[in-house]
Amino acid sequence: MSNLKQTVEKIFEEKFGQNPQFIVRAPGRVNLIGEHTDYNDGFVMPMAIDRAMWIALRPRSDKTVRIYSIDFDVWEEFELNKLEKATGFQEYLKGMAWAIQEAGYELNGWEGVMTGDVPRGSGLSSSAALELATARAFYEVSNFDWNPKEMALLGQKCENQWVGANTGIMDQLISATGQKGYALKIDCRSLDLEPVTLPPDTVVVVMDTMTRHTHTDSGYNERRAQCEEAAKHFGVKALRDVTLETFKQHQKELSDVVMRRARHVITEDVRTQKAANAMKAGDAVSLGQLMNGSHDSLRDDFEVTNDALNTIVDIARAQEGCYGARMTGGGFGGCAVALVKTANAELFADKVSTAYEKATGLEPHIYVCEATEGASTLG
Ligand code: GLA
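A short tour of the structure in this document, coming up. (Residues numbered from 1 in each chain as written. Predicted model: local features only at pLDDT ≥ 70, side-chain atom pairs only at ≥ 80, totals over all residues. Heavy atoms only, no water.)

**Concerning the overall build of the protein**
- What the protein contains, in helices and strands, is 11 helices and 13 strands.
- For 379 residues, the compact-globule estimate of 2.2 N^0.38 gives 21 Å, and the C-alpha radius of gyration of the protein, at 21 Å, lies within 12% of that figure.
- Principal-axis analysis of the C-alpha atoms places the extent of the protein at approximately 60 × 50 × 40 Å.
- For the protein, contacts bridging at least 24 residues in sequence account for 73% of all contacts bridging at least 6.
- For the protein, the accessible area works out to roughly 15200 Å², and carbon and sulfur atoms hold 44% of it.
- In the protein, the 40 positive side-chain charges and the 54 negative ones have mean positions that sit 2 Å from each other. (Helix = DSSP H or I, 4+ residues; strand = E, 2+ residues; numbered from the N terminus. Rg over C-alpha atoms; globule rule 2.2 N^0.38 Å. Contact = heavy atoms within 4.5 Å. Areas by Shrake-Rupley, 256 points an atom, 1.4 Å probe, with all protein chains shown as cover. Lys, Arg positive; Asp, Glu negative; His and termini not counted. Charge placed at Lys NZ, Arg CZ, Asp CG, Glu CD.)

And the structure:
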């Protein structure tokens with residue numbers, strides 16, 4: 001973490017000849033369970049992780065934003081009162097500026113440098129991290145209060161209406177409100193947050209398959225539309241409002257595909273609430289089984305896994321000390337997550353790495369991750 005802080009600080013000095021006035025960061029996340037439930041007003045259980053987007057900056061006296069991306073080795077510049085859509089990483093900054101201004105806040109310009117270690121398209125919410133880091137940068141140079149939930153909603157608006165990915169609220173909300181040492185059970189309708197801890201002697205291991213997605217052209221928007229179709233059939237606002245019993249009584253009225261999409265969401269909400277109870281009881285075995293059930297449902301009913309995710313999850317589950325494993329995030333590639341006995345974590349990572357590389361020819365990135373705090377400013 002401090003590594004990237006030093007990097008943005010040093011490159012800022014190189015580019016601007018002085019120290020930055022502010023250094024802001026916003027984390028990526030791993031979701032333990034509750035996948036594709038957020039846009040159905042359901043429950044999710046993410047934690048903010050020790051991988052983040054970092055911006056070092058100083059205010060400007062005009063309405064220009066100028067940013068150097070260390071990762072892309074490129075400068076971008078835009079005017080706050082003349083925002084036009086284009087393509088590239090800067091769209092997340094522009095979209096965020098657009099959303100905050102749309103909410104009625106006056107923004108000031110700034111300039112700075114950015115870098116991050118949340119791999120793009122890996123299911124760890126690199127875009128939400130960039131959106132929230134951008135919001136935090138504007139907060140530091142403008143005159144509005146930092147309301148994490150409001151900033152998360154504006155991040156979602158940027159994603160939906162500026163970038164064009166019809167995503168839910170989970171990623172922005174956890175990037176804005178994450179708590180050190182805790183996962184958060186989130187009710188995506190009320191946006192109520194409940195901190196929960198991992199069972200004793202367990203760690204969360206992220207397993208990056210090194211395959212990638214983009215949610216603007218994956219099947220993400222299609223999945224969301226299918227869920228909305230199912231909710232409409234049941235005459236409710238969102239699938240959150242359909243109980244398992246009601247679903248079973250009426251499932252035959254839906255087409256096979258829409259029935260399976262709805263079944264995933266409805267059963268996933270039940271699993272996520274049970275998972276929160278398992279965590280409160282310190283019950284790693286039950287939590288692991290629920291994670292396994294989540295993956296199987298995402299694979300068979302929601303159909304958002306790929307071969308790489310299924311392979312790494314199967315390998316993980318076969319290792320000693322693994323309570324459960326599943327894909328995490330939107331799917332169609334990216335990362336899986338496993339709950340592993342602390343004492344076994346190192347060997348687990350080695351063994352999964354070797355077996356996955358042997359099976360696929362891809363070299364995975366596997367690491368234990370810590371729960372961190374949400375978007376913040378560092379001295
Ligand atoms: C992506 C979206 C989230 C959520 C997950 C799936 O990460 O950004 O809103 O829908 O996929 O759970």
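Here the narrative resumes.
**Things to note about the nonpolar core**
- V30, I100, W110 and F138 are the most contacted members of the largest nonpolar core, which totals 73 residues.
- In terms of domain composition, this core takes at least three residues from each of domain 1 (2-192) and domain 2 (198-369).
- Among residues more than four places away in sequence, those in contact with I100 are Y105, L107, A135, F138, F144, M151 and L154. (Core = buried A, V, L, I, M, F, W, Y, C linked by side-chain atoms within 4.5 Å. Buried < 20%, exposed > 50% of the residue type's maximum accessible area, 1.4 Å probe, protein only. Domains from an automatic or database assignment.)

**Thoughts on the environment of S376**
- Within the fold, S376 resides in strand β13 (residues 376-378).
- By relative accessible area, S376 is classed as buried at 8%.
- When the C-alpha atoms of S376 and R25 are compared, they prove to be 5.6 Å apart, with 351 residues separating the residues in sequence.
- Ignoring any residue separated from it by four or fewer positions in sequence, one finds S376 in contact with I23, V24, R25 and R136.

**Topic: helix α9 (residues 284-300)**
- Over its 17 residues, α9 runs 24 Å from end to end, which matches the ideal 24 Å to within 8%, given 1.5 Å per residue.
- Residues A284, L287, G288, L290, M291, N292, S294, H295, S297 and L298 constitute the buried set of α9. (Expected span 1.5 Å × (residues − 1).)

**A word on the sheet that holds strand β4 (residues 64-69)**
- Pairing within the open sheet is mixed, and its 6 strands lie in the order β5-β4-β6-β3-β1-β13. This sheet does not close on itself; its edge strands, each paired only once, are β5 (74-79) and β13. Strand-to-strand twist of the sheet, defined as the mean angle between neighbouring strand axes without regard to direction, takes the value 30°.
- Note that strand β3 (residues 46-59) and strand β6 (residues 110-116) share 7 bridges and pair antiparallel. Bridged to I55 within β6 is M114.
- Against the sheet, helix α3 (residues 126-141) touches β1 (22-31), β3, β4, β6 and β13, its axis set at about 155° to β1.
- Contacts from helix α5 (residues 170-177) reach β1 and β3, with the element oriented near 130° to β1. (Pairing = 2+ DSSP bridges. Axes fitted to C-alpha atoms, helices over the stretch in contact; angles between N-to-C directions.)

**Side note on the sheet that holds strand β11 (residues 335-341)**
- The antiparallel open sheet is built from 4 strands, whose spatial order is β10-β11-β9-β12. What marks the edges here is a single partner per strand, and that holds for β10 (322-327) and β12 (365-369). The average angle at which neighbouring strand axes cross in this sheet is 20°, direction not considered.
- Here α9 sits on the sheet and contacts β9 (202-208), β10 and β11; the angle it forms with β10, its principal contact strand, is near 25°.

**Notes on the pattern of salt bridges**
- The tally for this structure, following the rule as stated, stands at 28 salt bridges.
- Of the charged contacts in the structure, one is a salt bridge between E140 and R136, with a shortest N-O distance of 3.8 Å. In this pair, E140 and R136 both sit in helix α3, 4 residues apart, roughly one turn of the helix.
- When its relative accessible area of 11% is taken as the criterion, R136 is described as buried.
- One salt bridge connects R299 with D296, and the closest N-O pair in it is separated by 3.4 Å. With R299 and D296 both in helix α9 and 3 residues apart, the pair spans about one turn of that helix.
- Classification of D296 by relative accessible area gives partly exposed; the value is 24%. (Salt bridge = Lys/Arg side-chain N within 4 Å of Asp/Glu carboxyl O.)

**Looking at the site of the ligand**
- Near the ligand you find 13 residues, and of these E35, H36, D38, D171 and Y220 are the closest.
- Taking D38, its side chain carries an N or O atom lying 2.5 Å from an oxygen atom of the ligand.
- Residue-level mapping places the shell around the ligand at the junction of two domains, with at least three residues from each of domain 1 (2-192) and domain 2 (198-369). (Near = heavy atom within 4 Å. Polar contact = N/O pair within 3.5 Å; in protein donor to acceptor, adjacent residues only side chain to side chain.)

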